[in-house]
Every structure is written in C-alpha cells, then in structure tokens.
Amino acid sequence: MKCDINGTKYDFSSVYLSAQPSSRKEQLRTINKDKILKEHAITGGDFNCVENCDLDIKYPARGGATYANAGGKTLARTMADCGMIDTRTIRAVEKCVCVGV
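For clarity, every value in this text was computed on a predicted model and none was experimentally measured. (Residues numbered from 1 in each chain as written. Predicted model: local features only at pLDDT ≥ 70, side-chain atom pairs only at ≥ 80, totals over all residues. Heavy atoms only, no water.)

1. Quick word on the overall build of the protein chain
Here comes step 1: Along the protein chain, the regular secondary structure elements total 4 helices and 3 strands.
Here comes step 2: In the protein chain, the order of α-helices and β-strands from amino to carboxyl end is β-β-α-β-α-α-α.
Here comes step 3: Residues classed as buried in the protein chain amount to 25% of the 101 residues present.
Here comes step 4: Per element, the accessible surface of the protein chain, about 7,500 Å² overall, is 55% carbon and sulfur. (Helix = DSSP H or I, 4+ residues; strand = E, 2+ residues; numbered from the N terminus. Buried < 20%, exposed > 50% of the residue type's maximum accessible area, 1.4 Å probe, protein only. Areas by Shrake-Rupley, 256 points an atom, 1.4 Å probe, with all protein chains shown as cover.)

Okay, structure coming up:
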C-alpha cells in the first residue's frame, strides 16, 4: 500500500519470514537483492529474528526455551542496506542514561 504523508510517499508492507533458519536467511537475502524494502517504507511483521537480542529477547529466569536468533545479523544488514531503522532500537536508545566518569 502506498500513502502520501506531508509530501513524502511511503510504502506500507507486512513481512513474514520463515521459522526455519536457512529459509529465513534466504528470504532476507532475496529481500535485499531484489530491493523489496526501500527507504520511506513502514514495514511490520513476524521476522522470527531480531536485530538486538539484548533489547528484544527475554530468557526465562530458570530453564525454559531459548531463542537462537538465526538471521538476526542478516536482518540488521538488510535493514541498513535498505535505509530502514528499527523503532524499538531507537526508543531504547532514547531512554538510555549515560553516566560519565
């Protein structure tokens, strides 16, 4: 879907990446190679991986499942190559309090 907001054209899309790591990485390579995602795109979806495990993955305190995050680096590279950013990362950085020594 396309939309014009204050003179800037935006593409809206939804993406589902495979739960299978090898398929997910191949899907990301195709998205990057074919320039499917572009700057001024607003994209949501289920990527089945995250850019930053420290921000987006909570492990159980005792035991339980873990998250391998296969494809996370490829997702980060694909987003950077497409000129996209993760708003979750931006919000976390804005809340960060840095203390000098």
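2. Some details on the environment of Ala68
Here comes step 1: If you trace the backbone, Ala68 turns up in the loop between helix 2 (53–56) and helix 3 (72–81).
Here comes step 2: According to the relative accessible area criterion, Ala68 is exposed, its value standing at 76%.
Here comes step 3: Between the alpha carbons of Ala68 and Asn48 there is a distance of 9.9 Å; along the sequence they are 20 residues apart.

3. Here we look at the pattern of salt bridges
Here comes step 1: In total, this model carries 4 salt bridges according to the counting rule given.
Here comes step 2: A salt bridge links Asp34 to Lys33, with the shortest nitrogen-to-oxygen separation between them at 3.3 Å.
Here comes step 3: By relative accessible area, Asp34 is classed as partly exposed at 42%. (Salt bridge = Lys/Arg side-chain N within 4 Å of Asp/Glu carboxyl O.)

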